[in-house]
Structures are given as C-alpha cells and as structure tokens.
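Architecture at a glance
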Amino acid sequence: MSDPEPERGALSPDGTHYYDGAGWGWQPLWLTSDRLVDFCRDAWGLPVRRASLLAEGMLNQTWKLDCADHDRVLRVGRSERTAEQVRYEYVVARAWAEVTPVLVAPEQDEVPVLDGHTLAVFPFVQGVSGVSVASPVRSREIIPVLAAMHRASVGLGLGQRPGFGSIDDHPRWFGWQQVRIAIMDRFGHGPEVLTPIGAVDRAVEEQDRQLDTWLRSGRLDVRAPVHGDLNPRNQLYRDDRLVGLIDTDDLRVEPLAWEVAGMAYTDADVDPRRVWRDYLDAGGPLDPRDEELLLPFVRMGQLGEIQWLTDEDGAATHLALGNLNHLVKSLDAPPVRDF
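Residues numbered from 1 in each chain as written. Predicted model: local features only at pLDDT ≥ 70, side-chain atom pairs only at ≥ 80, totals over all residues. Heavy atoms only, no water.

**Overview of the overall build of the protein**
- A count of helices and strands for the protein gives 9 helices and 12 strands.
- Once the C-alpha set of the protein is aligned to its principal axes, its extents read approximately 55 × 50 × 40 Å.
- Among the 339 residues that make up the protein, the fraction classed as buried is 49%.
- The contacts in the protein between residues at least 6 apart in sequence include a share of 68% that link residues at least 24 apart.
- Across the protein, the mean location of the 35 positive side-chain charges is 4 Å away from that of the 54 negative side-chain charges. (Helix = DSSP H or I, 4+ residues; strand = E, 2+ residues; numbered from the N terminus. Buried < 20%, exposed > 50% of the residue type's maximum accessible area, 1.4 Å probe, protein only. Contact = heavy atoms within 4.5 Å. Lys, Arg positive; Asp, Glu negative; His and termini not counted. Charge placed at Lys NZ, Arg CZ, Asp CG, Glu CD.)

What follows is the structure, given as structure tokens:
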C-alpha cells in the first residue's frame, strides 16, 4: 500500500523542502523556517514565535509569522526580484493604502536580502480567499477599489518599475520566439507540437498589429502603476466584504485599460458593461470611449500564459506542451480570464 500524498505546502522531515503538488513534487525551500524566525527577531525585533509556510504562494515562498502582538506574513522573493524593485513596490503600495485601506501595505521600510532573496513583511489579514466568493460579489467590491488605486497611481507620476515592461513594450509576448524553440527542443516537431505553436504564432501576429495601431493613435497613453495580479486568490473577504487586497509583488506600469479588462471579463456571471460603468462611476481615470479596448486586452492577457511554459533557464517545463494546448483552447473560447 503506497503512502498517502502529502498536502501541498507540507514540509519535509528535515525542514528543507516543501511539497508543491503532484505536478512539481518536492521543491527546496530557499530559506528554512528556523532561519527566518531568527532573522525576524534579530533584524526587525519582531516577537515571532513560529513560522508556517503558506501553500497558496505561487511564485514566491510566503510564510505566516505567529507573533506575540499580531500575526504577520513574510514574503521571501524569488531570486530575480531585487531590492530596488521592492522599494518601488513599497512606494506604490503605500500610496494605494492611503486611498483604500483594504490594500495590505508593507510594515517595514528596509528591504533586506538574505541568501539572494528579498524579504518583505506585511500584516496578516484574516479572511477567506475570493475564490470562494461569488464573482458578482467580488466585482461589486473590487471595482471601486480599483478605480481609487488607478487615480492614486496617475498622481504618482512614476516611470516603469525597474526590470519590468508593459504589454506593448518590445520584445513582446514573453520571448515567444525563444519559447517555441524550447518547446520543439523538448517535445519534437510533430503535428501535436507544431499545430498549437502555429495557433499561437497567428494570435501573436494579430495582437502585435492591434498594439501597434493603438500606439500610433495614442490610445494607450493613460498608463500608470497597476496591481498586475488581481486574481481572486489575492482578495480576502469576510461576510462578502473585501477586507484585504494582497500580493503587490507584480505591480508595474501598464495602460490602465489593461487591468480593467481583466476585471470586466472575470467570468460569465459578470457583465463587462456593468464593470465598465461601475469603474467610471467610481472615478476611474479613463475615457468612456476606452471601453472598446477591453476585449482585445483580454485576448492579449491570455497570451501571458507563455511566460510559464519555460523555467528560469529557458528550457521548456515538463508541463509545457499540455499548458500550450490549454492556452490555444482559451484563445478559441469565450473571453474569460482563467484563474
């Protein structure tokens, strides 16, 4: 009889690895629990009693800190995240928190780097994930917050976050030309590979033409820092009320319509026209005519899945071909964001 599968986020007996689900198996911890607790006590003076890994973390490794005063969340950034990028994040997140208190801003000012990983600490907010909340309720709660954040962002007058790019910057589509080569290197040149690659080639070409047209006409000039990852997992609720908006790690400058599009086409139970009206009524800083940008932006957002087809070394992952086929199906389906 085989041993039961560990729960996602479970730690190995020696505390050096965690279980990342059946698809990825056991993965190394960048920093162990004991080391993080000691650092938080010694460097920040936090009254930490213990740290437990939060399995919901997707790209970073995130820990809940059980503290004597109040609980906190410690984010251990992936190796490519720099202290300069995190300091930019802090400026924007704190500006957002001033206009909407549900935005969870960092507690500390400094950005320490431990073994090549940035550390950031935030207050822990008790609530249920937005995944368990009906999408019309999420839309009602998040859209006024989004409008307030966008107004604050425009007022900051910031340039692009260091090391980041906008959807219309070149090179586009997350290095698709290199990604397609990596997929063929791993999976071959058969029709089961070339057919989905050709579908993405056509989608990329079409979206390039659209972006170039908008850029020439000035349609994308209203841009400022956006949250960049407003999926339901980053929204916390109590009694159908938004009480926490978390994970500003991916914020960057984008055309503001890009982020509104992701909210407008959340799922079939949310009317994109209603989202757009609610955003404008809440003071969102866009022109009513920009509604026509939303649907094309959702299509472009679907191509964002390209970035997850290769690993940090540029090699296609073992899941890349399946994920590529999923991307192609999403491009042919009604425009609904897949969280």
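Further notes follow.
**As for the sheet that holds strand β8 (residues 128-129)**
- Read from one edge to the other, the open sheet built from 3 strands follows the order β8-β10-β11, with strand pairing classed as antiparallel. Where the open sheet ends on each side, the last strands, each with one partner, are β8 and β11 (241-245).
- In the packing of helix α3 (residues 135-156) onto the sheet, the strands contacted are β10 (235-238) and β11, and the crossing angle to β11 comes to about 45 degrees. (Pairing = 2+ DSSP bridges. Axes fitted to C-alpha atoms, helices over the stretch in contact; angles between N-to-C directions.)

**Here we look at the side chain of Gln-85**
- Along the chain, Gln-85 falls in helix α2 (residues 83-99).
- Looking at Gln-85, the relative accessible area reads 6%, which means it is buried.
- At a separation of 3.1 Å, a polar atom in the side chain of Gln-85 contacts the main-chain amide nitrogen of Thr-82.
- With residues up to four places along the chain from it excluded, the contact list for Gln-85 reads Glu-80, Arg-161, Pro-162, Gly-163 and Phe-164. (Polar contact = N/O pair within 3.5 Å; in protein donor to acceptor, adjacent residues only side chain to side chain.)

**Section: the nonpolar core**
- Membership of the largest hydrophobic core comes to 67 residues, with the highest contact counts inside it found for Trp-173, Trp-176, Ile-183, Val-200, Tyr-279, Phe-297 and Leu-324.
- Phe-297 has contacts with Ile-167, Leu-211, Trp-214, Leu-220, Pro-255, Ala-257, Trp-258 and Ala-261, leaving out every residue within four places of it along the chain. (Core = buried A, V, L, I, M, F, W, Y, C linked by side-chain atoms within 4.5 Å.)

**Thoughts on helix α7 (residues 272-281)**
- Within α7, burial applies to Pro-272, Val-275, Trp-276 and Tyr-279. Along the axis of α7, the buried positions cluster into a sector of 95 degrees, meaning they face one direction only. More than 90 degrees from the buried face of α7, the exposed residues found are Arg-273 and Asp-281.
- Buried residues belonging to α7 abut α3, α6 (256-264) and α8 (294-302).
- A side-chain oxygen of the first residue of α7 lies 3.0 Å from the backbone nitrogen of Arg-273; this N-cap is Asp-271. (Arc of directions from axis to C-beta.)

**Some details on the pattern of salt bridges**
- Across all of its chains, the model carries 28 salt bridges by this definition.
- Asp-278 is paired through a salt bridge with Arg-274; the nearest N and O atoms lie 3.1 Å apart. Taken together, the positions of Asp-278 and Arg-274, both in helix α7 and 4 residues apart, correspond to about one turn of that helix.
- Given the relative accessible area of 23%, Asp-278 is considered partly exposed.
- When salt bridges that share partners are traced, they join Arg-75, Arg-78, Glu-80, Arg-81, Glu-89, Arg-161 and Asp-249 into one network. (Salt bridge = Lys/Arg side-chain N within 4 Å of Asp/Glu carboxyl O.)

**So, the packing of α3 against α6**
- Interaxial distance between α3 and α6 falls to 11 Å at its minimum, and their mutual angle equals 170 degrees. The angle between α3 and α6 falls in the class roughly antiparallel. For the pair formed by α3 and α6, the contact residues are Ile-142, Ile-143, Leu-146, His-150 and Val-154 on the first element and Leu-256, Glu-259, Val-260 and Met-263 on the second.
- Here the contact of α3 with α6 is composed, by residue class, of 7 nonpolar, 1 polar and 1 charged. (Parallel < 35°, antiparallel > 145°, perpendicular 65-115°, else oblique. Nonpolar A, V, L, I, M, F, W, Y, C, P; charged D, E, K, R; others polar.)

**Quick word on helix α4 (residues 176-187)**
- With 12 residues, α4 extends 16 Å between its outermost C-alpha atoms, agreeing within 8% with the 16 Å of an ideal straight helix rising 1.5 Å per residue.
- Here α4 has its buried residues at Trp-176, Val-179, Arg-180, Ala-182, Ile-183 and Met-184.
- The secondary structure elements touched by the buried residues of α4 are α5 (191-217) and α9 (320-332).
- Downstream of α4 by one or two residues, Gly-188 has phi in the positive range, about 95 degrees. (Expected span 1.5 Å × (residues − 1).)

**Side note on the pairing of β11**
- Examined bridge by bridge, β10 and β11 share 4 bridges and lie antiparallel to one another. Note that in β11 the partner of Tyr-237 across the bridge is Leu-242.
- Between β10 and β11, which pair antiparallel in sequence order, lie 2 residues; one of them, Asp-239, sits at a positive phi of approximately 55 degrees.

**Remarks on the sheet that holds strand β6 (residues 113-114)**
- Strand order in this open sheet of 5 strands is β3-β4-β5-β7-β6, and the pairing throughout is antiparallel. Since the sheet does not close on itself, it has two edges, and those belong to β3 (48-53) and β6, each with one partner.
- Relative to strand β7 (residues 117-123), strand β5 (residues 72-76) runs antiparallel, the two being bridged by 5 bridges. Its bridge partner being in β7, Arg-72 is matched across the sheet by Pro-123.
- The sheet strands contacting helix α1 (residues 33-44) are β3, β4 (61-67), β5, β6 and β7, and the helix crosses β3 at an angle near 140 degrees.

**Points about the packing of α5 against α8**
- In contact at an axis separation of 11 Å, α5 and α8 are set at 135 degrees when each is read in the N-to-C sense. When the axis of α5 is compared with that of α8, the two are oblique. The hand of the α5/α8 crossing is left-handed. For the pair formed by α5 and α8, the contact residues are Gln-207, Gln-210, Leu-211 and Trp-214 on the first element and Pro-296, Phe-297, Arg-299 and Met-300 on the second.
- Partitioning the contact of α5 with α8 into residue classes produces 5 nonpolar, 2 polar and 1 charged. (Left-handed = near helix turned anticlockwise from the far one by under 90°.)

So far we have only geometry, and geometry alone does not tell us how the molecule works.
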